[in-house]
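Here are the chains, one letter per residue:
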Amino acid sequence: MLTANDQRTIKLSISDMTCASCVRRVEKAIEKVPGVAGAAVNLATEKADVTFAGAPDAAAVAEAVRKAGYGVAEEVLEFPVEGMTCASCIGRVEKALKAVPGVLEATANLAQERARVRLLKGTASFEDLAAAIEKTGYRAIRETAAAPEEDRRAAEAKTLRRDLVIAAVLTAPLFVMEMGAHAFPSFGHTIHETLGMQTSRVIQFVLATLVLLGPGLRFFRKGIPSLRRLAPDMNSLVVIGTFAAWSFSTVATFAPGLLPGGTANVYFEAAAVIVTLILAGRYLEARAKGRTGEAIRHLAGLRAKSARVLRDGKAEDVPLESVVPGDIVLVRPGEKVPVDGEVTDGSSYVDESMITGEPMPVARQTGDRVTGGTVNTTGSLTFRATRVGADTVLSQIIRMVEDAQAAKLPIQALVDRVTQWFVPAVIAVALLTFGLWLALGPSPVLAHALVNAVAVLIIACPCAMGLATPTSIITGTGRAAELGVLFRQGTALQTLEGTDIVAVDKTGTLTLGHPTLTEIVPAEGFSRADVLMLVAAAEVHSEHPIAIAIHEAAVAEGIELPAASSFVTTSGQGIFAEVSGRKVEAGSVGFMQARGLDVAPFAGDAERLAAEGASPLYAAVDGRLAALFAVTDPVKPTTKEAVASLKALGIEVAMITGDNRRTAEAVAAKLGITKVKAEVLPDGKVAAVRDLSAGGAKKVAFVGDGINDAPALAAADTGIAIGTGTDVAIESADVVLMAGDMRGVATGIALSRATMRNIRQNLFWAFGYNVALIPLAAGLFYPAFGIQLSPALAAGAMALSSVFVVTNALRLKRFTGATA
């Protein structure tokens, strides 16, 4: 029988409830979840108290509530975690966090030394998460404005540097005394004659003990609790190795009679050198890891510190946090634009390279948008603030980069599986090495057994494994952001690498997206001016780029447009409206044919215009074919170069467009695109993407900018949105090109390949290093070649492996473009 102690209750925030019946529906949905003992839902507080008979399964409850048609609020907590040193630490921290009731997802990042937790709002606090982490031997740190992460990292690096200096000062004489005597026998004789062997060993004991109990104490504080929990980590390996060397040497110094004859050797220098070299590796690693996050710090540094705002008719400088939407902001030459807004007065050139990557300043005048963080170069601007704080473009960019850097790529799953058993396996190999040498080794067997076992423990520390993937992700996504390519989904960094085909929407992606009316061919019995007036009046209600082009042409010619009524649009095909008592229809060939109108009289003109790259549009008045309109959307100047760059990367480029086939093929021919899917309706773009993928055999990236591109962006293996496009398209994409330039696609793919190549290099080094050196450390080559790896050299090699991995990842900061 269950007791109160067997039951646990969590609170959930429920949304979309409107009445008492909603409450009952939510309660019934929750009570059906296995393991739920009871549920009480409060409409006023929008909270649900859910009692579980045993371990809570909050995720299952949330899913049941959503299926019932209601929402469950989620939140994301991110914070530094102190004490993570290797790949096995990551798994333990994640496991502890996932066990907290209400946690849906938890990831730890060794390179950033942070944890990111997605949980049901209200189910767990930071204190709950911190307590769970503390039980595993690590410490969660609550970030405050007074103690930002940069300060914490700087303090940590400073402490490591201090401890390294102390360890090096203490180790240097110890190393000279012991290793100098081996390298130069005459030096050894001098020490024995002046100090005596016993005195020399006592001095070494004192120095080694100071190293282990001083700078090396950090390893014991972390490693011993991990061993007690039967969850050994890198610190545990260092503790076992150094303590074994120190203990054996201490016995050999003060009670040599306890050891077999000929085995009373000392290895104090090995214990001290191991600690010193690992601290050196940690210090170099900390400095290098600090550089991986430079992109985020650079972006954050672009924010202005204050803004000059009109208040009560007077301009005054106020903190950036005080600016609210609607404020009138003044920006002088040379100043940063503090927030996003719309220019109300003045004109200037603004350096937007931090957003677009383009070095040339762009003209901004009344009605244009300006972006916070950009630099006003020449004139003065007055603008109305539209987005402030976390809503600005710069804040969103920083958030996207942070999300991408915290992501776990599919390739990381391999590392996670290996590191779950790696450290225990290393300890087992070390014990086996000790036993085999003790049973089969040459004299002195105990000394040989100890040296080789300690070398195995030290050489196999899995620091490099844990750093291999996250350091490359952080550096790669940061560099991408600097080049104007934002990875909204970190996993896109891997999926983009395997792209076989880039499918591209035409209007606004390959072209400028601002069509202009270039020609009108009226039918017999209709005048050009009358047809333009009627069609332009009808198109006023349409937001299609061609409709806007026709309307702008009529306005430019000074034509007064009457009001239109009964407006009806058929998505992607055409429109109908009544203008001055006349029925006006405008649209594609299919649209006209569906209405029984024959467009054959315009066949010759339509073919000519399409061959020139113009989009033909037909108009009918009162059921009669009235005119052929030609609208041209110029290709962006950089598009041809972008297509060539993609082809150079071995990627096929395809065009998917709703435009006329002849027009689409004419544009494609100019750009060197051989595969064209034209006259595709908005709902047909998804099918076109799937068709290109050949049943999943080929990986397709889709590039678009419009609302009608959103389904295709979501359906593609990788969705790439032009940053100048609509919010809907951007939200549906995995990657965003801030410059609105197709060249960013090639840059993104090339950078994805470079990053994944970098990750594989790191993993090869981390795994290959252990595979190659563990047998050497175990002494397998000693019988045949007389080669034996000392623990001190093992410590140096282990520290070098971590530094190599981080340094290799930092090479991505030099990536310059698709040709790199």
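None of these values were measured; they are calculated from a predicted model. (Residues numbered from 1 in each chain as written. Predicted model: local features only at pLDDT ≥ 70, side-chain atom pairs only at ≥ 80, totals over all residues. Heavy atoms only, no water.)

Visitor: Explain the overall build of the protein residue by residue, including any values.
Guide: A tally of helices and strands in the protein yields 30 helices and 30 strands. With 820 residues in all, the protein has 53% of them scored as buried. Split by element, the accessible area of the protein, about 35,400 Å² in all, is 57% carbon and sulfur. (Helix = DSSP H or I, 4+ residues; strand = E, 2+ residues; numbered from the N terminus. Buried < 20%, exposed > 50% of the residue type's maximum accessible area, 1.4 Å probe, protein only. Areas by Shrake-Rupley, 256 points an atom, 1.4 Å probe, with all protein chains shown as cover.)

Visitor: Describe unusual backbone geometry, and please don't skip the residues or the numbers.
Guide: Notably, Asp 312 is not glycine yet its phi reads approximately 55°, a positive angle. By the element assignment, Asp 312 lies in the loop between strand E9 (306–311) and strand E10 (314–319). Of note in this structure, Glu 679 is not a glycine but carries a positive phi near 55°. You can see Glu 679 is positioned in the loop between strand E27 (675–677) and helix H25 (685–692).

Visitor: Describe helix H20 (residues 545–556), naming the residues involved and giving the relevant values.
Guide: Compared with the 16 Å implied by 1.5 Å per residue over twelve residues, the 16 Å span of H20 between its first and last C-alpha is a close match. Every buried residue belonging to H20 is among Ile 546, Ala 547, Ala 549, Ile 550, Ala 553 and Ala 554, and all of these are buried. Burial along H20 is one-sided: seen end-on, the buried residues are contained in an arc of 160°. Next to the buried residues of H20 lie strand E20 (516–522), helix H19 (528–539), strand E24 (615–621) and strand E25 (624–632). (Expected span 1.5 Å × (residues − 1). Arc of directions from axis to C-beta. Contact = heavy atoms within 4.5 Å.)

Visitor: Just give me the short version of the sheet that holds strand E3 (residues 47–53), but keep the residues and values in it.
Guide: Strand order in the open sheet formed by four strands is E2-E3-E1-E4, and the pairing between neighbours is antiparallel. Each edge of the sheet is formed by a strand with only one pairing partner; in this case those strands are strand E2 (36–42) and strand E4 (71–72). Pairing of strand E1 (residues 7–15) with E4 involves two bridges; the strand directions are antiparallel. Of the residues in E4, the one forming a bridge with Ser 15 is Gly 71. (Pairing = 2+ DSSP bridges.)

Visitor: Would you mind going over the sheet that holds strand E16 (residues 375–376) in detail, with residue names and values included?
Guide: Here we have three strands laid out as an open sheet, ordered E14-E13-E16, and antiparallel in their pairing. In the strand order of this sheet, the two ends are held by strand E14 (362–364) and E16, each with one partner. Pairing between strand E13 (residues 348–351) and E14: three bridges, direction antiparallel. Across the sheet, the residue bridging to Tyr 349 is Ala 363, located in E14.

Visitor: Could you give me a rundown of the UniProt feature "transmembrane region" (unreviewed entry) in the protein, with the residues and numbers involved?
Guide: UniProt marks residues 164–182, 202–220, 232–254, 266–284, 421–440, 446–469, 763–785 and 791–810 with the feature "transmembrane region" (unreviewed entry), using the numbering shown here. Between the end C-alpha atoms of residues 266–284 there is a gap of 30 Å, over a span that is 89% helix and 0% strand. Within the segment residues 763–785, helix and strand shares are 87% and 0% respectively, and the terminal C-alpha atoms sit 29 Å apart. (UniProt positions renumbered as here; feature names shortened; annotations may be inferred.)

Visitor: Explain the confidence of the model for the protein residue by residue, including any values.
Guide: Overall, the prediction assigns the protein a mean pLDDT of 82, with 88% of residues at 70 or greater. The least confident element of the protein is helix H27 (residues 727–732), whose mean pLDDT is 60; the most confident is strand E11 (residues 328–331), at 92. (pLDDT = per-residue confidence, 0-100.)

Visitor: Before we move on, can you summarise the pattern of salt bridges with the specific residues and values?
Guide: The full count for this structure, using the stated rule, is 28 salt bridges. Arg 308 serves as the salt-bridge partner of Asp 317, at 3.5 Å between the closest nitrogen and oxygen. Under the relative-accessibility criterion, Asp 317 is labelled exposed at 51%. Beyond isolated ion pairs, a larger network of salt bridges with shared partners links Arg 66, Glu 74, Glu 105 and Arg 118. (Salt bridge = Lys/Arg side-chain N within 4 Å of Asp/Glu carboxyl O.)

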